[in-house]
Amino acid sequence: MSTEILQLKREEPVLRTLAPGLRHLERSLREWLAGKHRYPLSVMARATLEGLANDLHRKSEDLDVDRPLLIIVLMGGTGVGKSTLLNALAGEQALALASFTRPTTRDPVVYYHETIRPDRLDPALRHCRLAPHDRAALEHKVIVDTPDLDSNDLANREKLMHVLPVADIVLYVGSQEKYHDKLGWDLFLQQRKRRAFAFVLNKWDRCTQASSTGVRPDEDLLRDLRSEGFENPVVFRTCAQSWVDLVEARASGEGKPGARPPELPDGEQFEDLVQWLEQGLSRLEIDAIKARGVSQLLESLNHALDEVMPPDLTDVSLRTQAAWSRILREEAASVADVLINTLEPYQKEIEHHFALESQRRFTGLMSGYLQTYNRLKYVGSTLRDRLPGLNSGRETAVTPLQWNLAEFTRACSEVAGNRALDARSKALASRLLVEADAQSFPLSVLTEPVENTGKLDWRQRHAQTLIEALDEVQREWTQPKGGRRLAQTLLVALANWVPPLALLASVFYWLYLIFFARDYHPGWSDHLTPLMVLLVVLILFQILIALIMPLRWPAIRSEFQRHVEEKLRSELKKVYNPIPADVNEALAQERKHLAALQGEVREVANWLAQREQAASIGAMYGH
Amino acid sequence: MDQLSQRALTSQLAEDLTWLEEHSRHRTRESTLGTVEQAVQTSELRLAAALVRNCIGPALDRQPAMPLHIAVIGGAGAGKSTIANLLLGTVSAEANPQAGFTRHPIVYTTATGALNWAGHLGFLGPLQRAPQPMPSSIDADIYQVRRVPPDPTGFELLRDAVVWDCPDMTTWAAMTASTHDGKNGQGYLARLIEVTALADVLVYVTSDERYNDEVPTQFLYLLLQTGKPVIVCLTKMKEAHAEPMLDHFRKEVLRHLPPGVVNCLAVPYLTADQRQDPIHQAARYRIPLLNQVGVLTHAPVRARRRTLVGALGYLQRSHERLLAVARHDVTALENWRALVQRGEGDYNQRYQQEYLCSERFRGFDEALVRLMDLLELPGVGKPISGVLWLARTPYRLLRTAIGKALSRPEGLGLPELPVLEQALTGWIDQLRKEAARQAATHQLWAHVANGFASAGLADQIRDRFQQGYRTYQMSLSTETERTARAIYEQLEQRPAMLNTLRGVKFGIDALAIMAALMAPGPLWSDLLLVPVATSVSHQLVELLGKGYVDSQRELTRQRQMGLLTENISGPLADWLAKWPATGGSPFERLQTALRRIPPALEQLHTLIHPSRETN
């Protein structure tokens, strides 16, 4: 134990300059906590980080003074003599109630120098029992006696846990019976990475009984502490009660008490404890402990941030995308199949639609002829929806009375959705997620976007796909390229001009016969000849049109299916493929944010490390 | 029930409880939340198993009541060994200041004391008797027997009883593996529980520091529920504080505990001399203690019976709480079942919508034709039928033309097997996804996910589907064909009805023709009306027949759905729901334990209280 007092001239209180840095860290941490998180933050992790934010706040407040206060908290089971120890330290000033009833202390007692204004104390301490003193040697040290940690009164434990975060040094008080108790030991293990620990083995007189078996409690304790990484812990063996008795005897004037209690067992170290508290913990040590406390806090913060750091999924998301494209291709094919099957009952309507579209390019007689012909040909399909009782099928689409492509495709997509596609898009989401899981993509972040995509309004999209595919097929048929285009243009031109010319020619011929031919005695049917000629020409052209521009459903179908499939594939890819990358991107953002936070933490820690002073405090921290 | 099956009953029950305890401990290690409650639960399960092993088992086995077991228990450093020495009248137990020195139970008996009690199978569970004397600080699953000289003062406590000096329950080594020489991962608390379960009388030692501590009090609370009588020794206080401290203990601690504490005694801090000579120097503390114990042990058979009844009572009262260990597992299993059932619903629905709705059952169209043929007149009536058929020719042609123009081509449905297979893939994927997603939340999901990943669960499901599909197809083909054929076969088998229907149809035709002929107007138009009339009547009959056939078709559809659930989806869902709890998985064991424990307790009840049976 170093007792020398180093005379150091320091210009600026180093620790004080830490305060703004810590405050800034706290703010950043809280902002991050309040923000949205794509990567799930477990309840435990959140609680840990919030606790750390509170600690940062507390530390920054604590350090933002010229000389920070060192808070020493006594911790131990009921009856081990925490209050007696404090009373012995306080001398004549009887502070804490010590008695044989368990548990004794119900409220923490704060023993502090009278020059400290109570409002400088941490809020957790302000509402405890305050006991000011005037001992100069303890001027910047606050000693807190706490309730027990092991009695049936659980409220006491809560009070202790409320005070504990304030502690710079925990003075772990054990007795012969309790130095080994699980509850206290667990608390020590939980706190050891966060604060300095010193140990008091009170009731030392009971530990020194000679016995042939067993290890002496202090050795036992030292052994356990060594196994926890405390090579050379600060341990004091005390008989606090004897010192309290001495003070009482002195006060009542009984006999002539000496400076030390009589019959102290060998190795009693209460005086050492007082010495350590008064001189051993010099300003140098206090600053070092404070600095160490901050660096421990920063270390745990860094560790906690590591724990919540989302994984890097760049490779995984690429693999997932690759694996998905096969599934999406298959899916597009089978959805196209279902959609085309749904269109099957309406092939006449579609043919009709195509016929109407193509006849627009013809004019005059040809157009009139084709119109009449189509109207007659498709009279059944236009009539059937107007006749009641014919639509007995269960899943026919309710087609509109007036032909309307948008309405029609929507109705078809509705039917397909009801029949199969809704269930399929749900199944697709599962399928993709299973595949992503196989590529070790964490489903916790992927499930939601994928399932939401599965719940999109696919019917609308399918209807749109159908319309577009129909349009494209139609365009392909009506505006082909290359030789067929030439043939078609030629055919249209011929079909537009030849019938009227034929009609004219035959009419002229007929007139010529009537007026100029001799011996021409036409029957009534002969007058119809021009019309017959026209009809024949028109029929010939119709046959030509049917050959060169076929519009029958079986011819369109496969073309149509190909288009629908292609469209669906690109649609599915457009919607699903970016999801893994998006998620990865969002996580990368979070990683970046967290890394920035960690960078700040490291910065403060480095700054602190550069200024860390050599002081004899290492023994109070395990490795 | 004979001796052998009784033994099987108790050993099985103890085994089940031990398994649950292991399970609970395993979970405690996995989770970080609520460890205190889980530790208590684990201790309770251990106590229950130990009661069955050490108390109920030997009693049912007709082991003699004597010797009774007196166990000295308490927190570390409270003075258990000192109190044991007071009971024994010699300095036999090692009393030393190291907390948690004693690591295994030690039983004290006289030089001639019989150890017949140790012969019962499974007695003291994992604890083995130490082969030779050794220090009590050996941390192993053993107990040792120490012989002490007879008591010179004439108290013959050890004539009827043995005294157990137990380890503590407060130091961390009691509940966690020792860091120095730890091989045993559970700490030595289990050993303490094993012995306390055996005890007929408990001496609970607690010191002036400990008497209001949580951990020993909880332990006392647990033991009081087993109905064992407890003598409390408060130790180490100053002589003057003895009475107020006893009062305080009664008021602060005992008042909140169930009854069962027989008496509280104070044993103040003993000087070294007193400790060294318990018979003479500490007689004033020893004699009241021996008196208390003597009262409780002087009728061994009754005392043993009290222990037995108490143990059974504890098991019965707490068994629901004990089984609650498995609550999380049972919930997880229920969630899994719900998921499987949802999947089954989706599966059936997909089959219905993607296949069954658009299935036309061609056989029925054929059946309609056959039905109409049947209704034509046979034999002598044949020419008339032929004439009418000829008369209907224009109608037939017209109908075909109209039908062709108006009919819509059918939508192509998907074939059945691909629909079923795709729906099955959907079902499997859903289960897989859910298992992968929730794998971190509970072991069961992890188990299922692992089943998919490495145990080939998906393939097993597909195999089962194939099996189900074969039987389904077999029953299906007969079913559909039979229904379609039944439509006309039923009529064929009932000539009376068939002929009536034929008669009716012919009657309608005849009526129509008559009406047409009777109608006023020129003859040729009347003749034209004849085919019209017969066509109308024919159409009418056909509509009726079609209605009937369609209703049969609908019925068949429903029956086919029923066949599917019966042969494919139903058995598959059952198998899947049970899957996590089969094949030797922990969940199977868990379910077995949960199923077996309540009836076993009831059986024990009838064995221990046979009088209730005769009432």
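All residue numbers refer to position in the chain's written sequence, counted from 1. Chain letters start at A and ligand numbers start at 1, both assigned in the order the entries are written. The predicted nature of this model means local features are confined to residues of pLDDT at least 70 and side-chain atom pairs, given and counted, to a pLDDT of 80 or more, with totals for whole chains, interfaces and linings taken over all residues. Calculation of side-chain values draws on the structure's entire complement of heavy atoms; hydrogens and water are dropped beforehand.

Moving on, we get to the nonpolar core. One finds Phe560(A) and Tyr576(A) to be the most contacted residues of the largest nonpolar core, which totals 103 residues. The criterion is simple. A nonpolar core is a set of buried Ala, Val, Leu, Ile, Met, Phe, Trp, Tyr and Cys residues joined through side-chain atoms within 4.5 Å. Burial classes follow relative accessibility: with a 1.4 Å probe on protein chains only, a residue under 20% of its type's maximum area counts as buried, one over 50% as exposed, and anything between as partly exposed. Residues Ile71(A), Tyr111(A), Val163(A) and Leu273(A) belong to the second largest nonpolar core, which totals 81 residues.

Residues and elements named next belong to chain A. Per-residue confidence for chain A gives a mean pLDDT of 84, with 91% of residues at or over 70. Scored between 0 and 100, pLDDT is the confidence that the predictor attaches to each residue. Put simply, DSSP marks the helices as runs of H or I at least four residues long and the strands as runs of E at least two long, and each gets a number from the N terminus on. When pLDDT is averaged over each helix and strand of chain A, the minimum, 65, is found for helix H15 (residues 379–384) and the maximum, 95, for strand E7 (residues 235–237). Throughout, a residue-residue contact means that at least one pair of heavy atoms, one from each residue, lies within 4.5 Å. Across residues 1–11, confidence stays below pLDDT 50; counting only partners more than four residues off in sequence or on other chains, it has eleven contacts. Counted against residues more than four places away or in other chains, residues 388–401, with its pLDDT under 50, gives 27 contacts.

Residue and element names in this part refer to chain B. Of all seven residues making up strand E6 (residues 201–207), seven are buried, and the element is well covered by its neighbours. Of the pairings in the sheet, the one linking strand E1 (residues 68–74) to E6 comprises five bridges and is parallel in character. Following the sheet pairing, Ile70 is matched in E6 by Val201. In this scheme, strands are said to pair when DSSP sees at least two bridges between them. In the sheet, E6 pairs with strand E7 (residues 230–235) via six bridges, with the strands oriented parallel. Paired with Tyr204 across the strands is Val232, a residue of E7. If the strands point away from the viewer and the path from the first strand over the helix to the second runs clockwise, then the crossover is right-handed. Note on the crossover from E6 through helix H7 (residues 214–224) to E7: the handedness is right-handed.

Quick look at the interface of chain B and chain A now. On the side of chain A, 73 residues touch chain B, which itself brings 64 residues to the contact. The buried area of a pairing is the accessible area, by a 1.4 Å probe, that goes missing from both parts when the two are put together, added over both. With both chains or domains summed, chain B and chain A bury close to 5800 Å², and 50% of this area falls on carbon and sulfur atoms. One salt bridge in this structure joins Glu214(B) and Arg157(A), with 2.6 Å as the shortest N-O distance. When contributions to the side of chain B that touches chain A are tallied by element, the ones reaching two or more residues are helix H5 (172–175), H7, helix H8 (242–252), helix H12 (327–354), helix H15 (393–406), helix H16 (416–438) and helix H20 (523–578) of chain B. In this classification, the charged set is Asp, Glu, Lys and Arg, the nonpolar set is Ala, Val, Leu, Ile, Met, Phe, Trp, Tyr, Cys and Pro, and all remaining amino acids, among them Gly, are polar. Classifying every residue of the side of chain B that touches chain A gives 22 nonpolar, 22 polar and 20 charged. Here a salt bridge means any side-chain nitrogen of Lys or Arg lying within 4 Å of a carboxyl oxygen belonging to Asp or Glu.

So, about the environment of Leu543(B). Mapped onto the elements of the fold, Leu543(B) is located in helix H20. As for Leu543(B) and Ala242(B), which are separated by 301 residues in sequence, their C-alpha atoms are 106 Å apart.

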